[in-house]
Amino acid sequence: MFDELKKIKARSEELEQLLASGEVLANMELCNKYAKELSNIRDMVTLYAQYEKVAQEIPELEHLLTGQHDVQFIELARKELQDLSARKVKLEADLTAALAPKEDKEDSDVIMEVRQGTGGREAALFAADLYRMYSRYAVRHNWKVELMSGHETELDGYKEVVFSVRGRGAYRHLRFESGVHRVQRVPDTEAQGRIHTSTATVAVLAEPEDVDLVITPNDLKIETYRSSGAGGQHMQKTDSAVRITHIATGLVVACQDERSQLKNKTKAMRILRARLLDAKQQAEINKISKERKLQVGSGDRSEKIRTYNFPDRRITDHRINLTVHQLDAIMDGDLDELIDALIKAAKDRLNERG
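Residues numbered from 1 in each chain as written. Predicted model: local features only at pLDDT ≥ 70, side-chain atom pairs only at ≥ 80, totals over all residues. Heavy atoms only, no water.

> Describe the sheet that holds strand β9 (residues 304-309), naming the residues involved and giving the relevant values.
The strands making up a sheet associate through backbone hydrogen bonding, with each pair oriented either parallel or antiparallel. Here eight strands make up an open sheet; going across it, the order is β2-β3-β1-β5-β4-β9-β10-β11 and the pairing mixed. Here the strands that pair on one side only, and so sit at the sheet edges, are β2 (144-152) and β11 (322-324). For this sheet, the mean angle separating the axes of adjacent strands, direction not counted, is 20 degrees. (Pairing = 2+ DSSP bridges. Helix = DSSP H or I, 4+ residues; strand = E, 2+ residues; numbered from the N terminus. Axes fitted to C-alpha atoms, helices over the stretch in contact; angles between N-to-C directions.)

> Describe the pairing of strand β4 (residues 179-185), with residues and values.
Regular strands show a simple pattern: their side chains alternate between the two faces of the sheet. Burial within β4 is extensive, with six of its seven residues counted as buried. Bridge count between β4 and strand β5 (residues 196-206): seven bridges; the pairing is antiparallel. Bridge assignment links Q184 to a residue of β5, and that residue is T197. Here β4 runs beside β9; their pairing, made up of five bridges, is parallel. Across the sheet, Q184 pairs through a bridge with N309, a residue of β9. (Buried < 20%, exposed > 50% of the residue type's maximum accessible area, 1.4 Å probe, protein only.)

> How would you explain the sheet that holds strand β8 (residues 252-255) if you had to name every residue and give the values?
One open sheet holds the three strands; their spatial order is β6-β7-β8, and the pairing between them is antiparallel. Where the open sheet ends on each side, the last strands, each with one partner, are β6 (220-225) and β8. Within the sheet, the average angular offset between the axes of one strand and its neighbour, ignoring direction, is 15 degrees.

> Can you tell me about the packing of helix α1 (residues 2-19) against helix α3 (residues 28-65), naming the residues and giving the values?
At their nearest, the axes of α1 and α3 sit 8 Å apart, and the two run at 135 degrees to each other. Of the possible angle classes, the one that applies to α1 and α3 is oblique. Crossing of α1 over α3 shows left-handed handedness. Contacts between α1 and α3 pair F2, L5, K6, I8, K9, R11, S12, L15, E16, L18 and L19 from the former with C31, Y34, A35, E37, L38, I41, M44, V45, Y48, Y51 and E52 from the latter. (Parallel < 35°, antiparallel > 145°, perpendicular 65-115°, else oblique. Left-handed = near helix turned anticlockwise from the far one by under 90°. Contact = heavy atoms within 4.5 Å.)

> Please give an account of the environment of V252 that cites residues and values.
Summarising the element assignment, V252 is placed in strand β8. In sequence terms V252 and K221 are 31 residues apart; their C-alpha atoms lie 9.3 Å from each other. Ignoring sequence-local partners within four residues, the contact set of V252 consists of R243, I244, T245 and R275.

> Requested: an account of the side chain of S149, with residues and values cited.
Here S149 shows up in strand β2. For S149, a relative accessible area of 10% corresponds to the buried category.

> Lay out α1 in plain terms, naming residues and giving numbers.
Turn by turn, an α-helix covers 3.6 residues, leaving residues three or four places apart pointing in a common direction. Along its 18 residues, α1 runs 25 Å from first to last C-alpha, staying within 8% of the 26 Å computed at 1.5 Å per residue. Those residues of α1 that fall on the buried side of the exposure criterion are L5, I8, S12, L15 and L19. When α1 is viewed along its axis, its buried side chains cluster within an angular range of 75 degrees and face the same direction. Looking at α1, the residues exposed on the side facing more than 90 degrees away from the buried face are D3, K6, K7 and Q17. (Expected span 1.5 Å × (residues − 1). Arc of directions from axis to C-beta.)

> So what's going on with unusual backbone geometry? Which residues, and what values?
In this model, N142 sits at a positive phi of 60 degrees, which is unusual for a non-glycine residue. With respect to the secondary-structure elements, N142 resides in the loop between α5 (121-140) and β2. We classify N142 as exposed; its relative accessible area is 73%.

None of the figures reported here should be taken as evidence of function without further support.
As structure tokens, this is what we get:
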């Protein structure tokens with residue numbers, strides 16, 4: 001364990017030097033990559049520094065006790081030795097836990113996909129509401145949201161919207177949002193005031209690091225075409241839209257929101273990588289168990305996980321039987337009560353299984 005910790009400490013020092021260099025500061029992508037790596041190991045390095053300090057103080061105090069005859073000093077020193085020894089044991093346990101491989105990439109960035117389900121126009125409007133809700137939740141946590149791809153409908157709805165959320169803990173907080181979300185409300189177009197029920201589906205995909213998934217050019221079929229929809233004459237005159245097909249799996253991703261073909265290709269590759277990693281992980285999970293160890297419910301995207309009831313101003317999460325009467329606040333991004341309860345339920349379920 002300590003050999004590994006020494007390597008991590010050395011890497012931390014190396015990263016600090018790199019982040020102070022002009023070459024890295026001039027390269028925003030590289031700077032963000034190194035900063036994220038340093039952030040991920042900083043707590044562990046701090047723990048290790050505390051451990052080294054305690055481990056050094058114990059033999060120094062034992063040496064001071066040698067040949068000592070002052071009874072009061074000996075008593076105080078032995079009490080301090082007991083405290084230091086207990087702290088050393090605690091730090092060793094904390095370091096062991098910090099080094100243990102995580103089953104899930106809790107600090108990963110995520111790509112979220114929200115699609116209209118049953119309910120036509122109202123379902124598309126609800127999908128847009130969910131996109132705004134998650135965007136506002138991300139802002140509350142100082143995460144960065146980037147629209148990757150969107151298929152808009154009339155009245156500002158979405159048939160499908162794909163966006164990334166970047167920030168520490170994004171996957172840990174958003175992972176349980178996958179599933180079918182149901183809304184019950186009176187549409188603006190409903191003359192009789194009848195309540196309609198519609199749905200939208202949400203998928204949360206951990207965005208892979210380069211080491212997680214290797215894709216070679218031969219694995220892909222890349223096509224360009226002219227973008228459709230809004231965008232003016234420019235979008236009609238250039239082949240800026242990109243469609244990428246992963247040949248082995250048949251997965252297809254298309255992006256046309258950017259005017260730049262390169263930007264559309266970059267976004268499409270990020271979505272494709274996230275979907276491929278998700279498919280790979282699901283296949284591995286299915287071989288081991290039908291149920292993920294940290295999942296609340298099955299998490300299947302065909303399962304209804306939550307109901308948003310607008311007439312009664314309440315939201316119910318069916319997996320943990322939690323009802324919250326603060327619909328307006330939640331739709332404005334104040335999701336902490338729901339998400340914290342889901343995280344706690346997942347930990348409790350894991351502890352029950354031992």
